[in-house]
Amino acid sequence: MTDGIPAAPGTEKWFREGPDGFALLAGRCTSCGALSFPPRTIPGCPDPDCEGLEQNPEPLSTSGTLWSYTDAHYAPPPPYPRPPDAEFSPYALAAVELTAERMIILGQVAPDVPNEALRVGMIMELTPGTLVSSTGVEERVWNWRPADHFEDSGADVEAYSAYSSASEEASA
Ligand SMILES: [Zn+2]
């Protein structure tokens with residue numbers, strides 16, 4: 001699964017990829033067990049009542065429920081980094097509540113998933129994504145995409161499969 005794309009700067013310890021699969025990495029307090037994501041870069045527990053100073057990296061579960069989402073149809077203004085000479089492509093942001101940890105993790109929705117396929121409450125899964133930096137370099141990030149087995153209404157499945165087959169035809 002590792003294809004050599006480096007993590008976006010500053011996120012090197014936020015996820016792992018390799019033989020054990022792609023997963024976000026939280027920090028777990030060695031004193032009280034509190035989880036924080038992203039992992040803290042300064043000593044100390046996120047729980048103000050805990051005096052623990054150390055955290056161990058721990059993979060988070062890779063699926064959850066779509067808690068909310070929004071879409072961006074205009075390019076953010078400078079100095080927001082953008083690939084050079086690239087046309088802006090609308091994208092969606094998802095807030096996904098992890099099933100096991102009950103933490104809400106923001107992330108971009110995979111670019112091939114249309115907004116019409118998204119429904120609050122549907123099951124989402126973590127997947128590796130790629131951004132292109134302002135200097136044109138590919139960087140690894142994480143994306144969310146609807147899980148293959150939708151547990152929501154059939155309308156979602158139809159919207160998603162209709163879009164998928166349409167884009168396959170377009171690219172054929
Ligand atoms: Zn703690």
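Parameters and conventions
Residues numbered from 1 in each chain as written. Predicted model: local features only at pLDDT ≥ 70, side-chain atom pairs only at ≥ 80, totals over all residues. Core = buried A, V, L, I, M, F, W, Y, C linked by C-beta atoms within 7 Å. Buried ≥ 20, exposed ≤ 12 C-beta atoms within 10 Å, placed from the backbone. Helix = DSSP H or I, 4+ residues; strand = E, 2+ residues; numbered from the N terminus. Domains from an automatic or database assignment. Contact = placed C-beta atoms within 7 Å. Pairing = 2+ DSSP bridges.

An unreviewed UniProt entry annotates the protein chain as OB-fold domain-containing protein of Catenulispora pinistramenti.

> Would you explain the nonpolar core in this entry?
Note on soluble globular proteins: their nonpolar side chains tend to be buried together. Among the nonpolar cores identified, the biggest contains 18 residues, and Leu24, Leu66, Ala94, Val96, Val109, Met124 and Trp144 are the most heavily contacted of them. Put simply, the parts of the chain that give this core at least two residues each are β2 (23-29), β6 (91-98), β7 (104-109), β8 (123-132) and β9 (138-146). For this core, the element with the highest residue contribution is β6, accounting for four residues. Shared between two domains, this core takes at least three residues from each, and those domains are domain 1 (9-60) and domain 2 (61-171). With near-sequence residues (within four places) excluded, Ala94 lies in contact with Leu66, Tyr69, Gly107, Val109, Met124 and Trp144.

> Sorry if this is basic, but what is going on with the pairing of β2 here?
Along any regular strand, the residues point their side chains to alternate faces of the sheet. Relative to β2, strand β1 (residues 15-16) runs antiparallel, the two sharing two bridges. Within β2, the residue paired with Arg16 across the bridge is Ala23. Count of turn residues in the β1/β2 antiparallel hairpin: six residues, of which Gly18 carries a positive phi of about 150°. Alignment of β2 against strand β4 (residues 55-59), held across five bridges, turns out to be antiparallel. Across the sheet, Leu25 pairs through a bridge with Pro59, a residue of β4. Relative to strand β3 (residues 35-36), β2 is paired through two bridges, and the arrangement is antiparallel. By the bridge assignment for β3, Arg28 is matched with Leu35. In textbook terms, the turn of a hairpin is the stretch between consecutive antiparallel strands, and for β2 and β3 this stretch comprises five residues, one of which, Gly33, has a positive phi near 85°.

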